[in-house]
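Below, each chain spelled out in residue letters.
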Amino acid sequence: MNVVVVMGPGGQGRDAFDACIAAGHTVVGVLDDGDNAAKLPGGIVLGPVRHWKRHLESGAAYALANGARQRRALGPEIVAAGGQVATIIHPMSAVSPRATIGAGVIILAGCVIAPEARIGAYSILNANCAVDHDCVLGEAVQFGPGVTLAGAVTVEAEAFIGVGATLLPGVTVGAGAVVGGGAVVIRDVPPGVTVAGNPAKPLPPRSQE
């Protein structure tokens, strides 16, 4: 498979680039809205993300490594235009054959996905995450490195789980919620709420002053 890595701001696209190479894909180019691709080898920057349609005729698939809302919008748009989204699973991860992995998912090295887990389309699991049995992730979820989900956890669409956070059995993290790095989630997190700490608690609203 040839892969165009669609990069957003930050280093996530560089991580996806390396995962593509490790999984045996040929990366034909990078679409980047910033200067991150300049740190990649080979001078393969193809232009900004908005130029993705120019590369449909190449037959390349697109690895979506940009922001959650952009991934969730671009994925169906690419497919509707006759393109493909690439599902990238690093060979140093362990994914149960009874897990369900959605289209456009990126799973980095060291991740463990247990039986009957379901990973929603366009989600990104950074290095060394663990998703236990019967967990359900919605579309465009993103995990920082080292996130741990116990059994039967639900993480709804576009939620972000920070580095090293732990979610205990059966909890639900609502759509668009944010779990801070190192947090331990012992009860449900409502949609759009940011929590942090051990045990995780909602952060107070930021002052408008």
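Quick look at the structure, then. (Residues numbered from 1 in each chain as written. Predicted model: local features only at pLDDT ≥ 70, side-chain atom pairs only at ≥ 80, totals over all residues. Heavy atoms only, no water.)

## Here we look at the sheet that holds strand β11 (residues 118-119)
Okay, so step 1: The five strands lie next to each other as β8-β11-β14-β17-β20, forming an open sheet whose pairing is parallel. At either margin of the open sheet sits one strand with a lone partner, and together these are β8 (100-101) and β20 (172-173). (Pairing = 2+ DSSP bridges. Helix = DSSP H or I, 4+ residues; strand = E, 2+ residues; numbered from the N terminus.)

## So, the packing of aromatic side chains
The description of an aromatic ring pair rests on the distance of the ring centres and on the angle between the ring planes.
Okay, so step 1: Counted according to the given criterion, the structure contains one aromatic pair.
Okay, so step 2: Ring geometry for Trp52 and Tyr62: centres 6.0 Å apart, planes at 90 degrees, overall edge-to-face. With a gap of 10 residues between them, Trp52 in the loop between β3 (45-47) and β4 (61-65) and Tyr62 in strand β4 connect regions that are remote in the sequence. Both residues of the pair, Trp52 and Tyr62, belong to the buried class. (Phe/Tyr/Trp six-rings, centres within 6.5 Å; stacked < 30°, edge-to-face > 60°. Buried < 20%, exposed > 50% of the residue type's maximum accessible area, 1.4 Å probe, protein only.)

## So, the side chain of His55
Okay, so step 1: For His55, the location among the structural elements is in the loop between β3 and β4.
Okay, so step 2: What makes His55 buried here is its relative accessible area of 18%.

## Concerning the environment of Gly181
Okay, so step 1: Within the fold, Gly181 resides in the loop between β21 (178-179) and β22 (184-185).
Okay, so step 2: Apart from the residues lying within four places of it in its own chain, the contact partners of Gly181 are Gly162 and Val163. (Contact = heavy atoms within 4.5 Å.)

## Overview of the sheet that holds β22
The strands making up a sheet associate through hydrogen bonds between their backbones, and the pairing can be parallel or antiparallel.
Okay, so step 1: Taken together, six strands build an open sheet; the order of strands is β7-β10-β13-β16-β19-β22 and the sheet is parallel. Edge positions in the sheet fall to β7 (94-95) and β22, since each of these pairs with one other strand and no more.
Okay, so step 2: Of the pairings in the sheet, the one linking β7 to strand β10 (residues 112-113) comprises two bridges and is parallel in character. Counted as the bridge partner of Val95 is Ile113 from β10.

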